[in-house]
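Observations on the three-dimensional arrangement
If you want the building blocks of each chain, they are given just below.
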Amino acid sequence: MKKAHVSRRKFLKGALATAVAAPALLRAGGAKAGPEEDRIVKASKKYGKASLNGMMWALYWRNYPRLNTEFKGLTGISMDQVNDVPNLLIPQRAMAEAISRSGKFDIFHVESMMIPSLVAAGLVEPLDGYMKEAGFKLEMVGNFASFMKYQDVTYALPTDGNVCPQFIRKDLFENPDEQKNFADKHGKPLKWPETWEDELEIMKFFHRPDKELFGFGGLRDKENSSFWYWMYLYSAGGFPFSDDAEPTLTTPAAEYAADTFLARKQVSHPEAAAWGSPQMIPRIVEGKIFSAQYWDGIIARIEGSPTPTTGKWLYGVPPGSKFSGRLIKRAFSAPVMGLIVNKLSPRKKQAAMWSLYMTTAKNSTEVVAHPTMTFHDPWHPVHMTAPEVEKVYGGKAGMESIRKSLLVTTPPPYVTGYQEFKEAVDKNLSEAYAGRKSGKQAIKDAQEEWGKIVKKIGKARIKKEIPYYKAMMPKMDVPT
Amino acid sequence: MKRFVKKWRYPLFRTLMLTAWALLAGFPIFWITSTSFKPDNEWHKWPPVYVSKNATLDNYRMVWPIHQTGSIFVTPDQKGHGVAHESVTANKPWHALKNSLLIALSSTAIAVAFGTLLAYGVSRYRILSDTRMFQLLVLRMIPPIVVAAPLTLYYSVLQLMDTASGLIVVYFITSLPYAVWMTKSFIDEVPREMEQAAEILGASRWQTIWEIIFPLIRSGVVATFLFILILTWSEYLLSFILSKVDVVTLPVQLSKYEGSTEGRVYGHQAALAVGITFPLIIIGIFIRKHLVRGFTFGMVKR
Amino acid sequence: MTASATETAAGTGAAPARGSRSRGIRIFKWTLLTPLFSLFFFLMPVFLLQLYFSLHSWTIYLSSWWDADYAGFDLFREVLTESRFYWAFARSFLFAGLSTVGCFIIGFGLALLMYRPFRGHSVFYVLFILPMLTVPIVISYTADMLLFRSGPINDIMSFLAGTEIRFTWLANPNFAIFTIIMLEIWNWTPFAFIIMLAGLSSLPAEPVEAARILGASRLRIFWEIQIPLLRPVIFLALILRFLEAMAEFPKTWGLLQGGPGTSTETIPVYLYIVTWRAFNVSKGAAASYLVMLLMIVIILSAIYVLRREKKALDALYEKPAGGGEA
């Protein structure tokens, strides 16, 4: 860890206030009513009071009322109306705003992959000016802050890291009988999987549908399939576009990714093709799944309160692939939710300040560590060591898996028209998963559809975006 | 014995068949009602729990909070953090109920009022030919999804987005065809002699409608009103697309459980669903006799 | 047409006609028609905008709608060359067709059992109309609760069959659409039931009686007397149900969002995805126009059939009771 240059008094103040001595925390000034918050409040005051309208799912909103009231007391700015829309529908609602251009909503809580499209629609206010004004610095683990920027301009403030560590059932994996049986069967000891092939082998071993235990618990439905696919693709060294903005979904790496994606059907629940999170999470929590890469929020769901599998999971970094010749491990972060300010709103300045206030190290720690909530997952370096967050996520092991996974996390295609690109891949992969076409055919069809989408959006535009998209990729192969 | 068999064979068969379908028809409604009283550990249990022995009202308390201070999503707190702060969304179901009532009732009332007048005109003065009458049905038959995008833009220009009046107008349009058709079938049955008599006695046309026709078709108008109310009450797509924060209706409120990442919260969904469905069921039972007449569009002579 | 016109004239024109009176009638007529015309003018821009969209290439995030490029019929061509569109159509037809037939057969069957009063009649009647009163979005959530593999439906089926059944209702790509069809049938059988019950109870008793005296079998009476007399009602039930089923969205979307794969992607789902997922408003508009055209063709032919049947019915009843067909 790097030592921060801080004065002794400041150090003491910070340590006393939070009992967390992480240097990053101090750098961000995360003490009670810390200077960062003071600066934001001071900056907000000159914009005057405002009553804001936001678009945010109630399951996210429920962490904010206290801070909202606090900010109202300090500045007179508060979120007074929230349109309660699930994450999946917010992009659609936001685009409907782009049609109506009413400025009724001040803040959209939307996934950051929508930023390029929303910027193109002229709906997003750049935040760097406000951040500078309030002396706010956006810090996220690893390369993760780039998820909030588009062509070097910050457009969103994170609320939810949403990375996917590897989950493996501890009680089964560490059972001496199982280990012996596995060693007998495969002639090698049962080890934490390093590659997708290892993972598949282990999952096959533990896949016992007659006992309601299913090897794999990732999603394979129409809304979520692509998330897993990108992870397989990136870990095989693949990338969905050439530098010239040509879709490259039929490369050997892409075929490998499709095969890896489809191979998990043999160890999945027979209903997985129709399952999204609402159906999968209860199965994971109830102990019917052996292994999965899944959003870190469930760690809090499993460990934060008594469930049938509390304490029965191992957490780590997802496996990788040696397809490219060296071992690369990749995780995925999508949808990463962020607060986006509506450029067309007459209250955008106040909305920006409100968003900044909710995202400071101290306040976001409160949001992430809210005891009954699991929807805001850690993203700030401070969260990784804050004891209250650790408490909610069931201790060090869970937090370490999140931190490490964040170091190698990857985005879906971060280009204009993301939803359309995503839909094409989701559709074809889920069709292949449902047995309607081969994996090869699926990526071929997706490639063709992508070609049309690129043509429609304009090659020049996409070409300009690709270097930024590439720059979001992790700098390391395997996290340490 | 043989005679006994012959006499009872058909009633027995009939009762069996009818009971079978009644079970099929009633089971989902039974299940949702039963689920709304289940504690959370029984929602996905295997074997399924049919009637909970630990019945609870918690789901209703969560979804339909009576106290304005509680946030609906704050579950009983395990770790001591206070939940004293009011959530903005806390009153949403009640707010949605209010919107649903306002929008459904007023759009239905307007549709039935204009529908009745039009139907009177059609029945007595043929202001619309048969063909036009059927073409009116097209309004109802075009899938709303087809016009959703232009409607969004149009409404934004008219400043009707997210207003109760905007939704009322849309529902007025989509329910007008049924209103005209149904009330016409009632008006057709009123003998003309009464109007002629009224006319000879010097009553104006509006007086005739209000004082002669309306009292005679009142029960039919009630049936029409309630039937259209059912359709408007359950409409989802238009309401979803044309509302923002102010006029969210109950079906839209329920739809937020779609893709809920915390797992299917069956109990809460069921409690909300019961709240949406039961008013309709009560209305439906109340108007069941009238539905028969309203539905047949004059195809059946009585 | 002419017959009814004269009938109207006869009905209203009993009092001696005067100039002021006919003027009064004209004013009255136009007063009644005004709301209809204002409605028409209110709606006009929506359809014009839709037409504008379908001829210009507009994706929400790429430009403002007013300066989208003119694309002529390119978007129509794009939609018409897309196999996904045809598949959606095929699924919609399968969905609407099968659910209509299913609703009708069950509804008619129930009506046949119910049209003569018996004890307990009204209890069954109330139970039978319950599904129609359930909000569609509620049905989709309820179906999710009922149909998962370890859900109550499989449990009951296991109990009835005596062995454990774990049928995959929703995730089976070949079966999912039938699951949705069954939901639609469950939901709308009451509609067919009510119409058919009304139709059956209004049948004149004389022809049936006469045939029975002549020694016709029950089946023959059914096929040769009751069915022909009921034809208009049958057409009505079928047509209305088919049209409403073509537009069904909340159940299909709420339950499977068109999945698994694309196996339940019907026309409304396709339109939703194109317009609100890909934000390709123009393509959505072009597809909508094609769908609208087709629906109008269907509706017009339906109207033709309904009118023919209605006329036949009117003619039938103008004759002395029991005449003609029997």
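The sections below set out a description of the structure shown in this document. Just so it is clear, the model here is predicted, and its values are computed rather than measured.

1. Notes on the overall build of chain C
- Across its full length, chain C carries 13 helices and 2 strands.
- Here chain C has a C-alpha radius of gyration of 25 Å; the compact-globule value for 326 residues is 20 Å, and the former is much larger.
- In terms of overall dimensions, chain C has a C-alpha envelope of 75 × 70 × 30 Å along the principal axes.
- The buried share of chain C, reckoned over its 326 residues, is 59%.
- Element-wise, carbon and sulfur atoms account for 68% of the exposed surface of chain C, whose accessible area totals about 13,700 Å².
- A gap of 8 Å separates the mean positions of the 25 positive and 20 negative side-chain charges of chain C.

2. Considering the environment of T31(C)
All names here are of chain C.
- You can see T31 is positioned in helix α2 (residues 19-55).
- With 243 residues separating them in the primary sequence, T31 and V274 have C-alpha atoms 42 Å apart.
- A polar side-chain atom of T31 sits 2.5 Å from the main-chain carbonyl oxygen of I27.

3. Some details on the nonpolar core
- Counting residues in hydrophobic clusters, the biggest one holds 373 residues, and the most contacted among them are W228(A), Y229(A), F241(A), Y294(A), W354(A) and M196(C).
- Shared between two domains, this core takes at least three residues from each, and those domains are domain 1 (15-162 + 335-410) and domain 2 (166-332 + 431-471) of chain A.
- Here M196(C) is in contact with F104(C), F108(C), A111(C), L230(C), V233(C), I234(C) and A237(C), once residues within four sequence places are set aside.

4. Digging into empty space enclosed by the protein
- For the coordinates displayed, the defined rule picks out 16 cavities of 30 Å³ or more.
- Counted as a void, the second largest cavity has a volume near 100 Å³.
- If you go around the second largest cavity, you meet 15 residues; those closest to its centre are N83(A), D84(A), V85(A), V248(B) and V252(B).
- For the lining of the second largest cavity, the element with the highest residue contribution is helix α10 (residues 250-255) of chain B, accounting for 3 residues.
- Of the residues in the lining of the second largest cavity, the class split is 6 nonpolar, 4 polar and 5 charged.

5. What to know about a nonpolar patch on the surface
- Taken together, the side chains of W30(C), F37(C), F40(C), F41(C), M44(C), L48(C) and L51(C) define a hydrophobic patch exposed on the protein surface, amounting to about 720 Å² of accessible area.
- Inspection of the secondary structure puts M44(C) in helix α2.

6. So, the interface of chain C and chain B
- Listed per partner, the contact involves 103 residues of chain C and 103 residues of chain B.
- Note on chain C versus chain B: buried area summed over both sides is about 9,600 Å², and carbon and sulfur give 79% of it.
- Across the contact surface, chain C and chain B share 7 residue pairs in polar contact (both at pLDDT 80 or more).
- Of the residues that constitute the side of chain C that touches chain B, the class distribution is 73 nonpolar, 18 polar and 12 charged.

7. Details of the interface of chain A and chain C
- Contacts between the two partners involve 36 residues from chain A, matched on the other side by 32 residues from chain C.
- We note a salt bridge from E265(C) to K222(A), for which the minimum N-O separation is 3.2 Å.
- Between chain A and chain C we count 13 residue pairs in polar contact (both at pLDDT 80 or more) in total.
- Among the elements of the structure, α6 (90-100), α7 (115-120), α14 (277-286), α21 (418-433) and α22 (439-457) of chain A are those that each provide at least two residues to the side of chain A that touches chain C.

8. So, the packing of aromatic side chains
- Counted according to the given criterion, the structure contains 72 aromatic pairs over all chains.
- Measuring from ring centre to ring centre gives 6.1 Å for Y120(B) and F28(C), while their planes differ by 85 degrees; the resulting arrangement is edge-to-face. Placement of Y120(B) in helix α3 (residues 92-125) and of F28(C) in helix α2 is noted, with the two residues assigned to different chains. In this structure, Y120(B) and F28(C) share a single accessibility class: buried.
- With a centroid separation of 5.5 Å and 35 degrees between ring planes, the pair formed by F104(C) and F108(C) is classed as tilted. Of this pair, F104(C) and F108(C) both sit in helix α4 (residues 83-114), 4 residues apart, roughly one helical turn. For the pair formed by F104(C) and F108(C), the shared burial category is buried.
- Among the aromatic residues, ring-to-ring pairing joins F85(C), Y86(C), F89(C), F93(C), F242(C) and Y270(C) into one connected group.
- Cation over ring: R283(A) sits above F148(C), and NZ or CZ is 5.1 Å from the ring centre.

9. So, unusual backbone geometry
Residues and elements named next belong to chain A.
- Of note, the amide linkage connecting A334 to P335 takes the cis form, showing an omega dihedral of -5 degrees.
- Along the polypeptide, P335 turns up in the loop between β13 (331-332) and β14 (337-341).
- Positive phi is not limited to glycine here, since R101 has a value of about 45 degrees.
- Along the polypeptide, R101 turns up in the loop between α6 and β3 (107-111).

The rules behind the values
Residues numbered from 1 in each chain as written. Chains lettered and ligands numbered in written order. Predicted model: local features only at pLDDT ≥ 70, side-chain atom pairs only at ≥ 80, totals over all residues. Heavy atoms only, no water. Helix = DSSP H or I, 4+ residues; strand = E, 2+ residues; numbered from the N terminus. Rg over C-alpha atoms; globule rule 2.2 N^0.38 Å. Buried < 20%, exposed > 50% of the residue type's maximum accessible area, 1.4 Å probe, protein only. Areas by Shrake-Rupley, 256 points an atom, 1.4 Å probe, with all protein chains shown as cover. Lys, Arg positive; Asp, Glu negative; His and termini not counted. Charge placed at Lys NZ, Arg CZ, Asp CG, Glu CD. Polar contact = N/O pair within 3.5 Å; in protein donor to acceptor, adjacent residues only side chain to side chain. Core = buried A, V, L, I, M, F, W, Y, C linked by side-chain atoms within 4.5 Å. Domains from an automatic or database assignment. Contact = heavy atoms within 4.5 Å. 1 Å grid on protein atoms, 1.4 Å probe; cavity = no way out; pocket = protein on both sides within 12 Å on 5 of 7 lines; lining within 4 Å. Points joined across faces, edges and corners; volume = space filled by probe spheres on them. Nonpolar A, V, L, I, M, F, W, Y, C, P; charged D, E, K, R; others polar. Patch = residues over 30% accessible without salt bridge, like charges linked within 9 Å, V, L, I, M, F, W, Y side chains within 5 Å. Salt bridge = Lys/Arg side-chain N within 4 Å of Asp/Glu carboxyl O. Buried area = accessible area lost by both parts, 1.4 Å probe. Phe/Tyr/Trp six-rings, centres within 6.5 Å; stacked < 30°, edge-to-face > 60°. Lys NZ or Arg CZ within 6 Å of the ring centre and 35° of its normal.

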